[in-house]
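What follows is the residue order along each chain.
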Amino acid sequence: MSPSSVRVAVVQPEAVYFDPERNLAEACAWIRRAGAERPDLILLPEAYVGGYPWGLRFGTAIGGRTEEGRTWFARYHAGAIDVPGPATAALGEAAREVGATVAIGVIERDSTFGGGTLYCTLLYFGPDGTLLGKHRKLKPTAGERTVWGEGDGSTLPVVDLPAGGRVGGLICWENYMPLARTAMYAKGVQIWVAPTADARDRWQATMRHIAVEGRCFVLGCNQFVTRSQYPDDPFLAAELGDRPDVLSPGGSVIVSPHGDVLAGPLSGEAGVLTATLDLGEIARARFDFDVVGHYARPDVFRLVVDETPHPPVAFSPDRA
């Protein structure tokens, strides 16, 4: 393997709902399973730890909530994790055991202002188990806004792989935000990670578009979700209504900087996709198109990114 080669693994696991201990154990087990392929980078889906609540509305309607919905949301809230905390320590240990950088979607419970708000967050762990950074989803989509808060520009990390290559990306429909993509391109992303809950065929076009636009490798990652993975409960059954048994078939994929599919899409089952990425292909692809380089027009277009934290309350130091 040449110094410019990076081995990657994209994990498409089965979902685990309302069982935090088993959910975390499964996440660590999938990291170890993917680690058997000796990858430099392992990616797991959006909201895998904590759960992407497919089909649920927690009893909400415009102008109303139900007590049973609040009770189930409290259970969902209890399954979220503190960052850092015991769950991140376990995930970091799994990354250390396999010696790989790990990117994984979690539901983060913010403890700064009392722990009421949840965030859909992407965590990065180094091969030594260190928590390298986190990205909070900037804009939850549609019904997601009833359960998740919004991140700010202070959590837009890009991490370097020891084997070479810069890793960064966005969560699910953030990938449709042109300015957010441009900001990440400007940080030099070479391996774009896109954990998602979108399993539709049109998402494959998005993954290929980002690869061609950013002239980067793209790792799309989803879960395999069925109704049977939820607890057997009348409230949940009513919320899911007449949805099909397979709520998300997956669709995880690995794409080259020229938009060619290298692995996947994986659909209808859990599993792991792997590929060896030749980072030299990035320069070859950017020869004729470099979105934030020679193909940019800063004399016409300009993007300003505010990366300062924006807490809801800021306390000034006592000057007395």
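Above this text is the structure in question.
Residues numbered from 1 in each chain as written. Predicted model: local features only at pLDDT ≥ 70, side-chain atom pairs only at ≥ 80, totals over all residues. Heavy atoms only, no water.

A. Up close: the sheet that holds strand β5 (residues 131-136). With mixed pairing, 6 strands are arranged side by side in an open sheet as β5-β4-β3-β2-β1-β14. The sheet is open, and its two borders are formed by β5 and β14 (271-278), each paired with just one other strand. Strand-to-strand twist of the sheet, defined as the mean angle between neighbouring strand axes without regard to direction, takes the value 25°. Bridging between strand β2 (residues 41-43) and strand β3 (residues 101-109) involves 3 bridges; their strand directions are parallel. The partner of Leu41 across the bridge, within β3, is Thr101. The sheet contacts of helix α3 (residues 86-98) involve β2, β3 and β4 (118-125), and relative to β4 the element is tilted by about 25°. (Pairing = 2+ DSSP bridges. Helix = DSSP H or I, 4+ residues; strand = E, 2+ residues; numbered from the N terminus. Axes fitted to C-alpha atoms, helices over the stretch in contact; angles between N-to-C directions. Contact = heavy atoms within 4.5 Å.)

B. Looking closely at the pattern of salt bridges. If you walk through the whole model with that rule in mind, you get 19 salt bridges. Between Asp278 and Arg284 there is a salt bridge; the shortest N-O distance is 2.9 Å. You can call Asp278 partly exposed: its relative accessible area is 30%. Counted as one network, the salt bridges with shared partners bring together Glu108, Asp110, Lys134 and Arg136. (Salt bridge = Lys/Arg side-chain N within 4 Å of Asp/Glu carboxyl O. Buried < 20%, exposed > 50% of the residue type's maximum accessible area, 1.4 Å probe, protein only.)

C. A look at the environment of Gly143. Inspection of the secondary structure puts Gly143 in the loop between β5 and β6 (159-160). Placed 86 residues apart in sequence, Gly143 and Arg57 show a C-alpha to C-alpha distance of 7.1 Å.

D. Spotlight on helix α5 (residues 201-214). Compared with an ideal rise of 1.5 Å per residue, which puts 14 residues at 20 Å, α5 spans 21 Å between its outermost C-alpha atoms and is within 8% of the ideal. All of the buried residues along α5 are Trp203, Gln204, Thr206, Met207, Ile210, Ala211, Glu213 and Gly214. Packed against the buried residues of α5 are α4 (178-186), β8 (191-195), β9 (217-221), β12 (250-255), β13 (261-267) and α7 (280-286). (Expected span 1.5 Å × (residues − 1).)

E. Structural context of the environment of Gly51. Looking at the secondary structure, you find Gly51 in the loop between β2 and α2 (67-78). Between the C-alpha atoms of Gly51 and Pro20, which are 31 residues apart in sequence, the distance is 9.1 Å. With residues near it in sequence (within four places) discarded, Gly51 still touches Tyr17, Asn23, Tyr76 and Ile107.

F. Broad picture of unusual backbone geometry. With an omega of 0°, the peptide bond between Val83 and Pro84 qualifies as cis. The linkage connecting Gly264 with the following residue, Pro265, adopts the cis geometry, with an omega of -5°. Within the element layout of this structure, Pro265 appears in strand β13. Despite not being glycine, Arg38 has its phi angle at roughly 55°, a positive value. Assignment of secondary structure puts Arg38 in the loop between α1 (20-35) and β2.

G. Up close: the pairing of β13. Pairing between β12 and β13: 4 bridges, direction antiparallel. Within β13, the position partnered with Val255 by the bridge is Val261. Hairpin connection from β12 to β13: 5 residues lie between these consecutive antiparallel strands, with Gly259 at a positive phi of about 85°.

H. Region of interest: the packing of aromatic side chains. The tally for this structure, following the rule as stated, stands at 13 aromatic pairs. With 5.9 Å between their ring centres and 90° between their planes, Phe58 and Phe73 make a pair best called edge-to-face. In this pair, Phe58 sits in the loop between β2 and α2 while Phe73 sits in helix α2, placing the two residues 15 residues apart along the sequence. With relative accessibility at 5%, the residue Phe58 sits in the buried group. (Phe/Tyr/Trp six-rings, centres within 6.5 Å; stacked < 30°, edge-to-face > 60°.)

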